[in-house]
Amino acid sequence: MPATTSAAIVEEVVGRKSMIKDLRGRGALVTGAAKRLGREIALALARAGANVAIHYGRSEEDARTVVREAEACGVHAWAVRADLSVEEEVRDLVDEAYRLAGPLDILVNSASTFHASDFATFTRADLATSIDVNAWAPLVAARRFVELGGQGHIVNLLDTRVAGFDWRHVAYHAAKTLFALFTRQMALRFAPGVQVNGVAPGSILSPSGQGAEHLERLGRESPLSRVGEPRDVSDAVLFLVATRYVTGQVVFVDGGRHLLEMNHG
Ligand SMILES: NC(=O)c1ccc[n+]([C@@H]2O[C@H](COP(=O)([O-])OP(=O)(O)OC[C@H]3O[C@@H](n4cnc5c(N)ncnc54)[C@H](OP(=O)(O)O)[C@@H]3O)[C@@H](O)[C@H]2O)c1
């Protein structure tokens, strides 16, 4: 057998191709998909064949670029704006995604807001703002997905911090912890039609405006001793949407960081 043929077979059987479900014709909505991890996830779904609604808040131009990149994969894609801190807009977003993409099979709740807040000084407003976008909006989106007859998969982007504490981002940590609880509750309440799982990234991308140094140090401290790549997160999403008998799980894409005693900050 020629080497190229056997290499192709190896890739087909044990390589990336065999991990990726064919999502041709499926409809997906990814929130916060104009940039960073949301963009990576949306494009991974597009490469697997799904038509994708690209949600954005402020990054309209970036969202339009992602639409073009997704379309280049041979799928349909649309950019849809919504302020996720406004409940009505969250519901309208899901309705609009249905109108554009048809019945949705996949909802990925990736958008988030990440601000510093200290345990000694954080305010009720800090908490409310963080919960609105990081926990309440995805719950509202998920409920609407189900109300409209959505069948398939919901994947919620959590954070490795849910395994411990973060004393510098207290409101964010509380909201993500609540979102982890909602993820398990959704898995129970939306079964059997919808599988609901979480992906909890660790050190993948530095927060906007921050250098890579801090992230690289955290990466070195993880058991796998390195930072991850956006593709590590989208691979986990692709894995989860390919499963048929997995729900209520959280996949930590963090180099093992959640296994360490965690006191961030
Ligand atoms: N990056 C990491 O290494 C890492 C680590 C741990 C956990 N995570 C989690 O993984 C997910 C993706 O991470 P990321 O770093 O890509 O997220 P991100 O850059 O912090 O946020 C993604 C998008 O969320 C949107 N967003 C925020 N507030 C919004 C609002 N009120 N209305 C509408 N959109 C809003 C923004 O869209 P616009 O720009 O269009 O306004 C933003 O681009 C998040 O849930 C995050 O918590 C990421």
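Bear in mind that the values here come from a model prediction, so they are computed numbers and not experimental data.

Asker: Looking at this structure, I do not really get the layout of surface pockets. What am I missing?
Answerer: Vacant regions in the atomic arrangement are exposed by a probe of water-molecule size rolled over the atoms. One number sums up the size of the second largest pocket: a volume of about 210 Å³. Taken together, 14 residues line the second largest pocket, and the ones lying closest to its centre are Arg226, Val227, Gly228, Asp232 and Gly255. Its residues placed into classes, the lining of the second largest pocket shows 5 nonpolar, 5 polar and 4 charged.

Asker: Explain the packing of aromatic side chains here, please?
Answerer: For any pair of aromatic rings, geometry is given as the distance between the ring centres together with the angle between the planes. Counted according to the given criterion, the structure contains 4 aromatic pairs. For the pair Phe119 and Phe122, a centre-to-centre distance of 6.2 Å together with 40° between the ring planes defines the contact as tilted. Of the residues examined, Phe119 reaches a relative accessible area of 52% and is grouped as exposed. Taking the relative accessible area as the measure of exposure, Phe122 reaches 27% and is therefore partly exposed. Joined through ring pairs, the aromatic side chains of Phe119, Phe122, Phe165 and Trp167 make up one cluster.

Asker: I keep staring at the packing of helix α3 (residues 36-47) against helix α4 (residues 60-71) and nothing clicks. Help me out?
Answerer: The relative placement of two packed helices comes down to the angle between their axes together with the axis-to-axis distance. At a minimum axis distance of 9 Å, the contact between α3 and α4 shows a crossing angle of 25°. Judged by the angle between their axes, α3 and α4 are roughly parallel. α3 and α4 meet at a crossing whose hand is right-handed. On the side of α3, the interface is formed by Arg39, Leu43 and Ala46, while α4 contributes Val66, Glu69 and Ala70. Broken down by class, the residue content of the contact of α3 with α4 amounts to 4 nonpolar, no polar and 2 charged.

Asker: Just to check I follow, could you spell out empty space enclosed by the protein for this structure?
Answerer: Per the counting criterion, the structure on display carries 1 cavity of 30 Å³ or more. Counted as a void, the largest cavity has a volume near 70 Å³. Residue lining of the largest cavity: Thr31, Leu84, Val90, Leu93, Asn109, Ser110, Ala111, Val133, Ala137, Pro138 and Ala141, and that is the complete set. If you list the elements that add at least two residues to the lining of the largest cavity, you get α5 (87-101) and α6 (124-147). Per-element accounting of the lining of the largest cavity gives the leading share, 4 residues, to α6. Its residues assigned to classes, the lining of the largest cavity comprises 8 nonpolar, 3 polar and no charged.

Asker: Looking at this structure, I do not really get the nonpolar core. What am I missing?
Answerer: Most often, soluble globular proteins keep nonpolar side chains buried together rather than apart. Core analysis: the largest hydrophobic core is formed by 36 residues, its most contacted members being Leu45, Val108 and Val199. Sorting the residues of this core by element identifies β1 (27-30), α3, β2 (51-56), α4, β4 (106-109), β5 (152-157) and α9 (230-242) as the ones contributing at least two each. The biggest single contributor to this core is α3, with 7 residues. Setting aside its immediate chain neighbours within four residues, Val108 contacts Leu29, Val30, Thr31, Ile41, Leu45, Val155, Leu157 and Val237. Counting residues in each nonpolar core, the second largest holds 33 residues, with Trp78, Ala101, Leu139 and Phe145 among its members.

Asker: Could you clarify how one ought to interpret the site of the ligand in this entry?
Answerer: Close contacts around the ligand come from 26 residues, with Arg36, Gly57, Arg58, Ser59 and Lys176 the closest. In the environment of the ligand, an oxygen atom lies 2.7 Å from a nitrogen or oxygen atom belonging to the side chain of Arg36. Gly57 has a polar backbone atom sitting 2.7 Å from an oxygen atom of the ligand. When isolated, the ligand has an accessible area of 880 Å², and the protein chains bury 86% of it. Elements supplying a minimum of two residues to the shell around the ligand: α3, β2 and α7 (170-189). For the shell around the ligand, the element with the highest residue contribution is α3, accounting for 3 residues. Across the shell around the ligand, the residue classes tally to 12 nonpolar, 9 polar and 5 charged.

Asker: I would appreciate a short explanation of the sheet that holds β1 in the present structure.
Answerer: What links the strands of a sheet is backbone hydrogen bonding, and the strands pair in either a parallel or an antiparallel sense. Taken in spatial order, the 7 strands of this open sheet run β3-β2-β1-β4-β5-β7-β8, and their pairing is parallel. Every other strand in the sheet has two partners, leaving β3 (77-81) and β8 (250-253) as the edge strands with one partner each. Strand-to-strand twist in this sheet, taken as the mean axis angle between neighbours without regard to direction, amounts to 15°. Where β1 and β2 come together, 4 bridges link them in parallel fashion. Along β2, the bridge assignment pairs Leu29 with Ala53. Relative to β3, α5 is tilted by about 160°, and along the sheet it contacts β1, β2 and β3.

The rules behind each value
Residues numbered from 1 in each chain as written. Predicted model: local features only at pLDDT ≥ 70, side-chain atom pairs only at ≥ 80, totals over all residues. Heavy atoms only, no water. 1 Å grid on protein atoms, 1.4 Å probe; cavity = no way out; pocket = protein on both sides within 12 Å on 5 of 7 lines; lining within 4 Å. Points joined across faces, edges and corners; volume = space filled by probe spheres on them. Nonpolar A, V, L, I, M, F, W, Y, C, P; charged D, E, K, R; others polar. Phe/Tyr/Trp six-rings, centres within 6.5 Å; stacked < 30°, edge-to-face > 60°. Buried < 20%, exposed > 50% of the residue type's maximum accessible area, 1.4 Å probe, protein only. Axes fitted to C-alpha atoms, helices over the stretch in contact; angles between N-to-C directions. Helix = DSSP H or I, 4+ residues; strand = E, 2+ residues; numbered from the N terminus. Parallel < 35°, antiparallel > 145°, perpendicular 65-115°, else oblique. Left-handed = near helix turned anticlockwise from the far one by under 90°. Contact = heavy atoms within 4.5 Å. Core = buried A, V, L, I, M, F, W, Y, C linked by side-chain atoms within 4.5 Å. Near = heavy atom within 4 Å. Polar contact = N/O pair within 3.5 Å; in protein donor to acceptor, adjacent residues only side chain to side chain. Areas by Shrake-Rupley, 256 points an atom, 1.4 Å probe, with all protein chains shown as cover. Pairing = 2+ DSSP bridges.

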